[in-house]
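If you want the building blocks of each chain, they are given just below.
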Amino acid sequence: MSDPTEANGTAGAGEAAEPAQPANAGAGERYVRVVLVDDHRMFRTGVQAEIGQTAQTGVEVVGEAADVDQAVTVITATRPEVVLLDVHLPGGGGVEVLRRCTPLMSDTERPVRFLALSVSDAAEDVIGVIRGGARGYVTKTITGTDLVDSIFRVQEGDAVFSPRLAGFVLDAFASTDAPPVDEDLDRLTQREREVLRLIARGYAYKEIAKQLYISVKTVESHVSAVLRKLQLSNRHELTRWATARRLV
């Protein structure tokens, strides 16, 4: 979809679209409107192809977004029942989308519910989005059939997690103690963490600048700040540091 605010005939950014079922959706059939938020266009296209055949799946993808600002605009305009949300996004990440969409999640009549869909199974990512208000967290290894089922379960108010994450989430939130704080990581700003992850994944400075919509010089400044704060000498040490903490 070339314009993320105009998916499948959705309303403009200034008005909320009314959820109208398609003509072929009978009274007893499942139907859900979904917004897909991920910064990789190829991945969005693949998910759309996998779950977006509404006549077969009951899922209608009514909008797409590639960064935080686009996500908030599209979600506000279309008011879907469920948002598939990537954790790592330009502009502040999935947690920032959740923060800015809190009023929509709190709407008692037409709540917008969020299901994190990410390649990451890092503890800080899972806990961050769940505390931010997401109803579940599944990894991108999930099958199309299971993803459709997860979307409907979240629409109905259930909490949904990939099997290997469920035990971890239960343990983390069953305890009255807060999870241990990584003091080193806590020194970094949100943007510095984004740059750190991308450096550790092998991205070049120019690629990071494009991903985060900042200049190469700004990327260099963030990297220098990260190295200084973590007392590391180069990007190879930084990569080992991030890998050891499962941040990559």
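See above for the structure.
Residues numbered from 1 in each chain as written. Predicted model: local features only at pLDDT ≥ 70, side-chain atom pairs only at ≥ 80, totals over all residues. Heavy atoms only, no water.

S.K.: Tell me about the packing of aromatic side chains, and name the residues and values.
M.R.: If you walk through the whole model with that rule in mind, you get zero aromatic pairs. Over the aromatic face of Phe152 sits the side chain of Arg30, whose NZ or CZ is 3.9 Å from the ring centroid. Lying across the ring of Phe43, Lys140 places its NZ or CZ 4.1 Å from the centre. (Phe/Tyr/Trp six-rings, centres within 6.5 Å; stacked < 30°, edge-to-face > 60°. Lys NZ or Arg CZ within 6 Å of the ring centre and 35° of its normal.)

S.K.: Give me the nonpolar core: which residues, what numbers.
M.R.: Note that soluble globular proteins tend to have their nonpolar side chains buried in a common cluster. The biggest cluster of nonpolar side chains holds 27 residues, and the ones touching the most others in it are Ile75, Val97 and Phe114. For this core, the secondary-structure elements that each account for two or more residues are strand 1 (32–37), strand 2 (59–65), helix 3 (68–78), strand 3 (82–85), helix 4 (93–100), helix 5 (102–105), strand 4 (113–118) and helix 6 (123–132). A total of five residues in this core trace back to one element, the largest contributor, which is helix 3. Residues in contact with Val97, not counting those within four places in the same chain, are Val68, Ala71, Ile75, Leu85, Leu89 and Phe114. (Core = buried A, V, L, I, M, F, W, Y, C linked by side-chain atoms within 4.5 Å. Buried < 20%, exposed > 50% of the residue type's maximum accessible area, 1.4 Å probe, protein only. Helix = DSSP H or I, 4+ residues; strand = E, 2+ residues; numbered from the N terminus. Contact = heavy atoms within 4.5 Å.)

S.K.: Could you give an account of the packing of helix 10 (residues 190–200) against helix 13 (residues 235–244), naming the residues involved and the relevant values?
M.R.: Packed helices, taken two at a time, are described by the angle between their axes plus the distance between the axes. Viewed as axis vectors pointing N to C, helix 10 and helix 13 meet at an angle of 100°, and their least axial separation amounts to 9 Å. Relative to helix 13, the element helix 10 lies roughly perpendicular. In this structure, helix 10 uses Leu196, Ile199 and Ala200 to contact helix 13, whose residues at the interface are Arg235, Leu238, Thr239, Trp241 and Ala242. Each residue belonging to the contact of helix 10 with helix 13 can be placed in one class, and the counts come to six nonpolar, one polar and one charged. (Axes fitted to C-alpha atoms, helices over the stretch in contact; angles between N-to-C directions. Parallel < 35°, antiparallel > 145°, perpendicular 65-115°, else oblique. Nonpolar A, V, L, I, M, F, W, Y, C, P; charged D, E, K, R; others polar.)

S.K.: Any details on the pattern of salt bridges? Residues and values, ideally.
M.R.: For the structure on display, the rule yields nine salt bridges. A salt bridge links Arg44 to Glu64; the nearest nitrogen and oxygen atoms lie 3.0 Å apart. With Arg44 in helix 1 (residues 41–51) and Glu64 in strand 2, this pair connects stretches of sequence that are 20 residues apart. Comparing Arg44 with Glu64 shows no difference in burial state: the two are buried. Two residues, Glu192 and Lys229, come together in a salt bridge whose shortest N-O distance is 2.8 Å. Of this pair, Glu192 sits in helix 10 while Lys229 sits in helix 12 (residues 216–230), and the two are 37 residues apart along the sequence. Take Glu192: its relative accessible area is 6%, and that puts it in the buried class. Bridged by salt links that share partners, the residues Asp38, Asp86 and Lys140 form one connected network. (Salt bridge = Lys/Arg side-chain N within 4 Å of Asp/Glu carboxyl O.)

S.K.: Break down the pairing of strand 2 for me, with residues and values.
M.R.: Of all seven residues that make up strand 2, seven are buried, and the element is covered over most of its length. In this structure, strand 1 lies alongside strand 2, joined through six bridges in parallel fashion. Each residue of the ladder has a partner; that of Val32, found in strand 2, is Val59. (Pairing = 2+ DSSP bridges.)

S.K.: So what about helix 11 (residues 205–212)? Which residues, and what values?
M.R.: Within helix 11, the full set of buried residues consists of Ile208, Ala209, Gln211 and Leu212. Down the axis of helix 11, the sector holding all buried residues measures 165°, keeping them to one side. Seen from the open side of helix 11, the exposed residues pointing more than 90 degrees away from its buried face are Lys206 and Lys210. Taken from the residues just after helix 11, Tyr213 is the one with a positive phi, measuring 60°. (Arc of directions from axis to C-beta.)

S.K.: An account of the environment of Gln70 is needed here, citing residue identities and associated values.
M.R.: Turning to its location among the elements, Gln70 is positioned in helix 3. In sequence terms Gln70 and Val97 are 27 residues apart; their C-alpha atoms lie 9.6 Å from each other. Polar side-chain contacts of Gln70 include one of 2.8 Å to the backbone nitrogen of Ala66. (Polar contact = N/O pair within 3.5 Å; in protein donor to acceptor, adjacent residues only side chain to side chain.)

S.K.: Describe in detail the environment of Leu115, supporting the description with residues and values.
M.R.: Relative to the helices and strands, Leu115 is located in strand 4. On the basis of relative accessible area, Leu115 is assigned to the buried category, the value being 0%. Not counting the four nearest positions on each side in its chain, Leu115 is found in contact with Val82, Val83, Leu84, Leu85, Gly136, Tyr137, Val138, Leu147, Ser150, Ile151, Val154 and Val160.

S.K.: I'd like a rundown of a negative patch on the surface, residues and numbers included.
M.R.: Taken together, the side chains of Asp146, Asp149, Glu156 and Asp158 present a region of like negative charge at the surface. Among the structural elements, Asp146 can be located in helix 7 (residues 144–155). (Patch = residues over 30% accessible without salt bridge, like charges linked within 9 Å, V, L, I, M, F, W, Y side chains within 5 Å. Areas by Shrake-Rupley, 256 points an atom, 1.4 Å probe, with all protein chains shown as cover. Lys, Arg positive; Asp, Glu negative; His and termini not counted. Charge placed at Lys NZ, Arg CZ, Asp CG, Glu CD.)

S.K.: Go over the sheet that holds strand 6 (residues 160–161), please, and point to the residues and values.
M.R.: The strand order across the open sheet built from six strands is 2-1-3-4-5-6, with neighbouring strands paired in parallel fashion. Of all the strands in the sheet, just strand 2 and strand 6 have a single pairing partner and so form its edges. Examined bridge by bridge, strand 3 and strand 4 share four bridges and lie parallel to one another. Bridge assignment links Val83 to a residue of strand 4, and that residue is Phe114. In the packing of helix 1 onto the sheet, contacts are made with strand 1, strand 2, strand 3 and strand 4, and the angle to strand 2 comes to roughly 170°.

Bear in mind that shape data such as this cannot, by itself, settle questions of function.
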